Each structure stands twice: as structure tokens, then as C-alpha cells.
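Structural characterization, general
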Amino acid sequence: MIKPVSLDVPRGHAPPKLQARQLSKSFPSPSGPVQALAPFDLSVDKGDFLCVVGPSGCGKTTLLNIVAGFETPSTGSVTLDGKPIRGPGAERGVVFQQGALFNWMSVQENVAFGPRACGVSVAEARDRASQLLDLVGLNGFASKYPYQLSGGMQQRVGIARALANDPDILLMDEPFAALDQQTRELLQEEMRRIWQRTGKTVIWITHSIEEALFLATHVLVMASRPGRTKAAFESSFSRSDDPYLAASPEFAAARRTILELLRSEAAKAQRLEEMHP
Ligand SMILES: Nc1ncnc2c1ncn2[C@@H]1O[C@H](COP(=O)(O)OP(=O)(O)O)[C@@H](O)[C@H]1O
Ligand SMILES: [Mg+2]
């Protein structure tokens, strides 16, 4: 089941893990500034699994890059545990769509890289890498190099690497977008398990509504040009262990609700693009 919720303001008694206030971002372009994100508010609680969906170009990656500390907001602020984000930090683990591994390092070295950079000893970093490779089901692949692995395995290494510094929050930008359907579903199940086991806060961008419903405690549907909240929902599907969840009428109804929101947004975005290419 999904039910509408406001993610603009803190929901719990505890202060939110992450809070964006009046956040906006515009980029310069030859034909004038492009407003990627409108001033918008967002609050994410500790342990939330927030899935963000929205039409292409609505500012999802921009939002994630600001939270990751790779971009700075044009206006407003983002705080993590009440502290403003001023740049990248080890308490935020990032996983990209694909290809962010170091090709010249073994799987083990890729995962151990973050802890080593933070001053963890060689032996401890190696132990930590082994545990994480177990967690993502890559036991036995430690000495392989990224090019020797399938796309799905590379994304698992990416997840293990993002977890290696024991971050408070995982930021994932369409991490499974380049994978085939079967691999995707397997990794979604694995991600659910990892989230349940570690209790991390996750912000997960996806263009798959099914993926969002399968994983999320909360779904944010973004409107485009400029990017902002169109709707937000609380979702209980991620707690279900029904193997046929996707075939249930409740799931289909939720999927349809989100699909309709996205369709109207995509049509609007297309009209705007035709008017202001
Ligand atoms: N570095 C940049 N310079 C100029 N424009 C950018 C830059 N990054 C993103 N944009 C623009 O901002 C808007 C949002 O982009 P993005 O965040 O990548 O969207 P999404 O990830 O939802 O597809 C798009 O119109 C895009 O062209
Ligand atoms: Mg993107």
C-alpha cells in the first residue's frame, strides 16, 4: 500500500537525518540559466529508504550530487544531522549508474580503498573488504579485476565499496539501470536484505516504478523544469515477503498511481522542451 505523505517537513520527533530547505540549483548555459531544481524542501529520517522517480532531466542527479557534496546549491541549504554539507564526506557512500570502479585495482583493493584513504590499517581494511564482499555475495572474487566481472557483479562491488566506510547514508543514482531484468531483480532483493541488515538511510534514484515500490519506505515523485516535489508517498511494500508481490492488485494500483503522475509530468516536460528547446 502507498499513502500520500508530506516529505517537506520533518515527520518524526527526532530531527531528520537529512534536511533540504529552499534548495535550488541553476546552471549557466549559453541561452541563459537553466533552473534544474526549484527551491524545494525535503526531509529524510534515519533509516528511511527514499526512492526518487521523475522524468528525465528533472534534477534527480543534481539533487544527489548536492547531497553528495559534488555540487553546491544556488540557494538554500542541505544539512546532514543538522550540519551543513560542505563537500564530499566518508559518512556518505555514493554509487553511480555504472563504471565508477578503479580498473587497475582488484575487487578487494577497490573495496578497501576508502578505509585505507581514511587511515585504516591494511589488515583491517582487508578484513572489512572481505566481510562486505560476503554481504554482497562476491565471496571468492576478491582477487579479480573489474573487467573480469559481469555488470551485475561490478555494481555489487560498487555497493560494497560504498558501504566500506560504514556511511550513515547511501546515495545511489540509478545503480541498476544498465542491468538486465533478472540481474536487476536479484540485486534488488539483495539490496533489500542489506538495508534490513544494516539499517542505513538510503536515497535511491530510479526510473523503475517497480523498483521504487519494491525497495522504498518512501517514494518521492519529482516534477520537472524546475525540479521539485510533485507528490510523495509512504510505502509498505518493501516490508512484504510475498514472492508474487508485483502481481498483487495493491501493487498494481500503486504502480498506476505513480505512473499517471509521471506520465502527466513527462508530457508537460515535453511540451516545455518544444517551446524552449
Ligand atoms: N553541469 C551542468 N551544467 C549545465 N546544465 C546541467 C548540468 N547538470 C545538469 N544540468 C541540467 O539540469 C537539468 C537536470 O539535470 P539532471 O539532474 O541530470 O536530471 P535527471 O538526473 O533527473 O535526469 C537538466 O536540464 C540538465 O540539462
Ligand atoms: Mg540523472
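The rules we used
Residues numbered from 1 in each chain as written. Chains lettered and ligands numbered in written order. Predicted model: local features only at pLDDT ≥ 70, side-chain atom pairs only at ≥ 80, totals over all residues. Heavy atoms only, no water. Near = heavy atom within 4 Å. Polar contact = N/O pair within 3.5 Å; in protein donor to acceptor, adjacent residues only side chain to side chain. Areas by Shrake-Rupley, 256 points an atom, 1.4 Å probe, with all protein chains shown as cover. Helix = DSSP H or I, 4+ residues; strand = E, 2+ residues; numbered from the N terminus. Contact = heavy atoms within 4.5 Å. Domains from an automatic or database assignment. Buried area = accessible area lost by both parts, 1.4 Å probe. Salt bridge = Lys/Arg side-chain N within 4 Å of Asp/Glu carboxyl O. Nonpolar A, V, L, I, M, F, W, Y, C, P; charged D, E, K, R; others polar. Core = buried A, V, L, I, M, F, W, Y, C linked by side-chain atoms within 4.5 Å. Buried < 20%, exposed > 50% of the residue type's maximum accessible area, 1.4 Å probe, protein only. Pairing = 2+ DSSP bridges. Axes fitted to C-alpha atoms, helices over the stretch in contact; angles between N-to-C directions. Disulfide = S-S within 2.5 Å. Parallel < 35°, antiparallel > 145°, perpendicular 65-115°, else oblique. Left-handed = near helix turned anticlockwise from the far one by under 90°.

Some words on the site of ligand 1
Contacts to ligand 1 come from Phe27, Val34, Ala36, Pro55, Ser56, Gly57, Cys58, Gly59, Lys60, Thr61 and Thr62. In this structure, cysteine 58 approaches ligand 1 through a main-chain N or O atom, which is 3.2 Å from an oxygen atom. Residue lysine 60 places a side-chain N or O atom 2.9 Å away from an oxygen atom belonging to ligand 1. Burial of ligand 1 by the protein amounts to 61% of the accessible area it has alone, namely 560 Å².

Focus on the side chain of serine 224
Summarising the element assignment, serine 224 is placed in the loop between strand E10 (218-223) and strand E11 (228-235). Once residues within four sequence positions are removed from consideration, serine 224 is found in contact with Pro55, Cys58, Glu265 and Ala269.

Some words on the domain arrangement of the chain
Partitioning the chain into structural domains gives domain 1 (2-89 + 168-180 + 199-213 + 221-275) and domain 2 (92-166). Each of domain 1 and domain 2 has a C-alpha centre, and the two are 26 Å apart. Contacts between the two partners involve 22 residues from domain 1, matched on the other side by 14 residues from domain 2. In total, domain 1 and domain 2 occlude about 1,500 Å² of area from one another, counting both sides; carbon and sulfur atoms represent 59% of this. At the boundary of domain 1 and domain 2, one finds one salt bridge. Put simply, the parts of the chain that give the side of domain 1 that touches domain 2 at least two residues each are helix H1 (60-68) and strand E8 (169-173). Ranked by residues supplied to the side of domain 1 that touches domain 2, first place goes to E8 with five residues. Taken together, the residues of the side of domain 1 that touches domain 2 sort by class into 15 nonpolar, three polar and four charged.

Some details on the nonpolar core
Judged by nonpolar contacts, the single largest core of 51 residues is most densely connected at Ile159, Met191, Trp204, Val221 and Ile258. Summarising the domain contributions, this core has at least three residues from each of domain 1 (2-89 + 168-180 + 199-213 + 221-275) and domain 2 (92-166). If sequence neighbours within four positions are ignored, valine 221 has contacts with Val53, Arg228, Thr229, Lys230, Ala231, Phe233, Ile258, Leu261 and Leu262. If you look at the next biggest cluster of nonpolar residues, it comprises 27 residues, including Leu42, Leu63, Ile66 and Ile169.

As for the sheet that holds strand E7 (residues 92-95)
One open sheet holds the seven strands; their spatial order is E1-E11-E10-E4-E9-E8-E7, and the pairing between them is mixed. This sheet does not close on itself; its edge strands, each paired only once, are strand E1 (2-4) and E7. Put simply, the sheet's adjacent strands are angled 20 degrees from each other on average, direction ignored. Note: E10 against E11, six bridges, orientation antiparallel.

Points about the sheet that holds strand E5 (residues 75-80)
In space, the four strands of this open sheet follow the order E3-E2-E5-E6, with antiparallel pairing throughout. Every interior strand has two partners, whereas the edge strands, strand E3 (34-44) and strand E6 (83-84), have only one.

Structural notes on the pattern of salt bridges
What the rule picks out here adds up to 16 salt bridges. In this structure, the salt-bridge partner of lysine 25 is glutamate 71, at a minimum N-O distance of 3.8 Å. Within this pair, whereas lysine 25 is found in strand E2 (residues 18-27), its partner glutamate 71 is found in the loop between H1 and E5, the two being separated by 46 residues in sequence. Taking the shortest distance from any N to any O, the salt bridge between lysine 230 and glutamate 265 comes out at 2.9 Å. Taken as a pair, lysine 230 in strand E11 and glutamate 265 in helix H7 (residues 249-275) lie far apart in primary sequence, 35 residues in all.

A closer look at the state of the cysteines
Counted under the stated rule, the structure contains zero disulfides. Free cysteine: cysteine 51, not disulfide-bonded; nearest cysteine sulfur from cysteine 58 at 14 Å. When its relative accessible area of 0% is taken as the criterion, cysteine 51 is described as buried.

A look at the environment of lysine 83
If you trace the backbone, lysine 83 turns up in strand E6. Classification of lysine 83 as exposed rests on a relative accessible area of 56%. The spatial distance from the C-alpha of lysine 83 to the C-alpha of arginine 263 is 37 Å, given a sequence separation of 180 residues.

Focus: the packing of helix H4 (residues 151-163) against helix H5 (residues 181-198)
Closest axis-to-axis distance for the H4/H5 pair is 11 Å, and the angle between their directions is 20 degrees. Taken together, H4 and H5 sit at an angle that is classed as roughly parallel. The two elements H4 and H5 cross, and the hand of that crossing is right-handed. Listed contacts from H5 to Gly152, Gln155, Arg156, Ile159 and Leu163 of H4 are Thr183, Leu187, Glu190, Met191 and Ile194. Taken together, the residues that form the contact of H4 with H5 break down as five nonpolar, three polar and two charged.

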